[in-house]
Amino acid sequence: MKLYICLFICFFYTSVHSKEIILKCKETTGTGRHDIFKINEPEFSWYYNSKWYELAKSDKGVAKDWQISFYKDKIKLYNTKTEWFREIDLIEMTAFMRFPSGELYLYECSKI
């Protein structure tokens, strides 16, 4: 019986603390393009050209240029090469992307 209780607790803890979220964020201020992200802290992946790119836990390829910070309800991304800054609000389900020129794109996000 103790074994079953232990297994239940382990299963419950794992399912509560490893919530993978897939978001589709549609740009609302012009192009109408969208981005898809897979979030499972500390992992953060971006779906681009039919392929997933891990940005948070890798230092290879495009990932080496990204700094990802996880907060309670927000994720902040900064590309050191292009100086792009993006923030995703997981409560409001919105995001924005600011470019070095000051141009700002706004996004509405939804879970998929």
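Here, every reference points to the structure presented above.
Thresholds applied
Residues numbered from 1 in each chain as written. Predicted model: local features only at pLDDT ≥ 70, side-chain atom pairs only at ≥ 80, totals over all residues. Heavy atoms only, no water. Helix = DSSP H or I, 4+ residues; strand = E, 2+ residues; numbered from the N terminus. Buried < 20%, exposed > 50% of the residue type's maximum accessible area, 1.4 Å probe, protein only. Contact = heavy atoms within 4.5 Å. Areas by Shrake-Rupley, 256 points an atom, 1.4 Å probe, with all protein chains shown as cover. Core = buried A, V, L, I, M, F, W, Y, C linked by side-chain atoms within 4.5 Å. Pairing = 2+ DSSP bridges. Axes fitted to C-alpha atoms, helices over the stretch in contact; angles between N-to-C directions. Disulfide = S-S within 2.5 Å.

**Here we look at the overall build of the protein chain**
Then, number 1: If you tally the helices and strands in the protein chain, you get one helix and nine strands.
Then, number 2: The helix and strand sequence of the protein chain, counted from the amino end, reads α-β-β-β-β-β-β-β-β-β.
Then, number 3: When each of the 112 residues of the protein chain is scored for burial, the buried share is 28%.
Then, number 4: Sequence separation of 24 or more characterises 24% of the internal contacts of the protein chain that already satisfy a separation of 6 or more.
Then, number 5: Roughly 8100 Å² of accessible area belongs to the protein chain as shown, and the carbon and sulfur atoms make up 55% of that amount.

**Some points on the nonpolar core**
Then, number 1: Formed by 20 residues in total, the largest nonpolar core has its most connected members in F44 and I88.
Then, number 2: Of all the elements in the fold, those that place two or more residues in this core are β1 (21-27), β2 (34-40), β3 (43-48), β5 (66-70), β6 (74-79), β8 (94-98) and β9 (104-111).
Then, number 3: Sorting elements by how many residues they give to this core places β1 first, with three residues.
Then, number 4: For I88, the contacting residues outside a window of four places in its chain are L23, F37, F44, D73, K74, I75, L77, T94 and A95.

**Here we look at the sheet that holds β6**
Then, number 1: With antiparallel pairing, the nine strands of this open sheet are ordered in space as β4-β3-β2-β1-β9-β8-β7-β6-β5. What marks the edges here is a single partner per strand, and that holds for β4 (51-54) and β5. Within this sheet the neighbouring strands show an average axis-to-axis angle of 25°, counted without direction.
Then, number 2: As paired elements, β6 and strand β7 (residues 84-89) share six bridges and run antiparallel to each other. Paired with Y78 across the two strands is F85, which belongs to β7.

**Description of the state of the cysteines**
Then, number 1: Across all of its chains, the model carries one disulfide by this definition.
Then, number 2: Each sulfur in the disulfide pair C25 and C109 lies 2.2 Å from the other. Disulfide C25 to C109: torsion about the S-S bond roughly 110°, handedness right-handed. Taken together, the positions of C25 in strand β1 and C109 in strand β9 put the pair 84 residues apart, joining distant regions of the chain. Of the two residues, C25 and C109, both sit in the buried class.

**Some details on the pairing of β2**
Then, number 1: Counting buried residues along β2, five of its seven residues qualify, which places the element largely inside the surrounding structure.
Then, number 2: The pairing of β1 with β2 spans six bridges and is classified as antiparallel. Across the sheet, residue L23 finds its bridge partner in β2, namely F37.
Then, number 3: The hairpin turn running from β1 into β2, its antiparallel successor, is six residues long, and G32 in that turn takes a positive phi close to 75°.

**Brief notes about the pairing of β6**
Then, number 1: Every second residue of β6 is oriented toward a common face, the buried set being I75, L77 and N79 and the non-buried set K74, K76 and Y78.
Then, number 2: As paired elements, β5 and β6 share five bridges and run antiparallel to each other. The residue of β6 that forms the bridge with W66 is N79.
Then, number 3: Counting the residues between successive antiparallel strands, the hairpin from β5 to β6 contains three residues.
Then, number 4: What sits between β6 and β7 in their antiparallel hairpin is a turn of four residues, with E83 showing a positive phi close to 60°.

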